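One letter stands for each residue in the lines below.
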Amino acid sequence: VQQIQSDTSENYTIFYSINGAGVDQPPLNLFYVIPQTGVIYVTKAVDREECAEYTLIGNARTKEGYSTESPLIIVIKILDDNDNSPQFTEESFCATVLEHSKIGTVVGRVNATDRDEPHTIHTLIKYSIQSQVPPSPRLFAINQDSGIVTTISENIDREYRSEYVLLILAKDMGGREYGLSATGTMTITVGDINDHQPTFTGSSCQAEVKENESGVQLLCIPVKDDDLKDTPNWRANFSITQGNEQGQFQIVTNPERSEEH
């Protein structure tokens, strides 16, 4: 690992010793020194993610035990190895985008972290979309640096498909082929807009009522709307536009179904 040497070794027989964390303090016996040469060795593999550096105290003494110099501070820095894969910060990311959104609309963002040394290529993460379910048409893109997902098409139709799942790859080493990687998912729910008008399911309706009766339900008029069920976009509002000049009829909304009576 390192060698310590005293300038007084030319005149005296010097013996070296070390102490501190990694020697006589936890983790014990990680480093040792050859007393006659001052060469410091490590006894087992070290993990930078557990401890990035160790500070030892080196001592030089004669065989009689006299210190020939002041103690030497020895800082051993652990060099980082790319031994940690990126990890997504969530098991699955969720996002929502309105149907027919403009190209470039931000859908959401994924994020991954890496335990290797910050601000090095070992922790430089690049993102990419590996697959989309369903696969066609391709509707989304991801910024390789920020992990922001955006739309690349305006043809996102909730009535065709209300949910998409992206499989996203996060790779360190700046995305190089030999980088370590992890995959995560983003589930995208397509939000509804009012892009369908209600239509009557029949062309005409007939009903009968006895004279002098009042408050009697005559009929239900069903309509169809392809927007999201049980939302204001789906629920139709009716009015009588002709034939009720005397105000003899009333039309109200059925709260449970998109029909009037």
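Our subject is the structure that appears above.
Residues numbered from 1 in each chain as written. Predicted model: local features only at pLDDT ≥ 70, side-chain atom pairs only at ≥ 80, totals over all residues. Heavy atoms only, no water.

Draft legend 1. Here's a closer look at the overall build of the chain. Per the secondary structure count, the chain includes zero helices and 18 strands. Its C-alpha atoms give the chain principal-axis dimensions of roughly 130 × 35 × 25 Å. Once local pairs closer than 6 in sequence are excluded, the contacts in the chain between residues at least 24 apart make up 60%. With the model as given, the accessible surface of the chain reaches about 16900 Å², and the carbon-plus-sulfur share is 47%. Here the chain carries 19 positive and 38 negative side-chain charges, and the mean point of each set is 3 Å from the other. (Helix = DSSP H or I, 4+ residues; strand = E, 2+ residues; numbered from the N terminus. Contact = heavy atoms within 4.5 Å. Areas by Shrake-Rupley, 256 points an atom, 1.4 Å probe, with all protein chains shown as cover. Lys, Arg positive; Asp, Glu negative; His and termini not counted. Charge placed at Lys NZ, Arg CZ, Asp CG, Glu CD.)

Draft legend 2. Expanded view of the pattern of salt bridges. Overall, the coordinates contain five salt bridges when judged by the stated rule. For the salt bridge of Arg 48 with Asp 80, the shortest nitrogen-to-oxygen distance reads 3.1 Å. Highlighted residues: Arg 48 in the loop between β4 (39-42) and β5 (53-62) and Asp 80 in the loop between β6 (72-77) and β7 (87-88), separated in sequence by 32 residues. For Asp 80, a relative accessible area of 15% puts it in the buried group. Glu 159 is paired through a salt bridge with Arg 158; the nearest N and O atoms lie 3.0 Å apart. (Salt bridge = Lys/Arg side-chain N within 4 Å of Asp/Glu carboxyl O. Buried < 20%, exposed > 50% of the residue type's maximum accessible area, 1.4 Å probe, protein only.)

Draft legend 3. Molecular detail of the pairing of strand β14 (residues 163-171). As judged from the seven bridges shared by strand β11 (residues 126-133) and β14, these two strands associate in the antiparallel manner. Bridging from a neighbouring strand, Ile 129 pairs with Ile 168 of β14. Judged from the nine bridges that link them, β14 and strand β15 (residues 181-191) form a sheet pairing that is antiparallel. Looking across to β15, one finds that Tyr 164 is bridged to Ile 188. (Pairing = 2+ DSSP bridges.)

Draft legend 4. Focus on the packing of aromatic side chains. The full count for this structure, using the stated rule, is five aromatic pairs. With 5.3 Å between their ring centres and 70° between their planes, Phe 31 and Tyr 54 make a pair best called edge-to-face. In this pair, Phe 31 is assigned in strand β3 (residues 31-33) and Tyr 54 in strand β5, connecting sequence segments 23 residues apart. With respect to burial, Phe 31 and Tyr 54 carry one shared label: buried. Measuring from centroid to centroid gives 5.5 Å for Tyr 32 and Tyr 41, while their planes differ by 20°, and the two rings are stacked. For Tyr 32, a relative accessible area of 38% gives the class partly exposed. Take Tyr 41: its relative accessible area is 37%, and that puts it in the partly exposed class. (Phe/Tyr/Trp six-rings, centres within 6.5 Å; stacked < 30°, edge-to-face > 60°.)

Draft legend 5. Region of interest: the state of the cysteines. What the rule picks out here adds up to zero disulfides. Cysteine Cys 205 remains unbridged, with the sulfur of Cys 220 as its closest cysteine sulfur at 9.8 Å. (Disulfide = S-S within 2.5 Å.)

Draft legend 6. Up close: the sheet that holds β14. One open sheet holds the four strands; their spatial order is β8-β15-β14-β11, and the pairing between them is mixed. At either margin of the open sheet sits one strand with a lone partner, and together these are β8 (92-98) and β11. Neighbour-to-neighbour, the strand axes of the sheet open up by a mean angle of 30°, direction not taken into account. As paired elements, β8 and β15 share seven bridges and run parallel to each other. Bridge pairing in β15 places Ser 92 opposite Thr 185. (Axes fitted to C-alpha atoms, helices over the stretch in contact; angles between N-to-C directions.)

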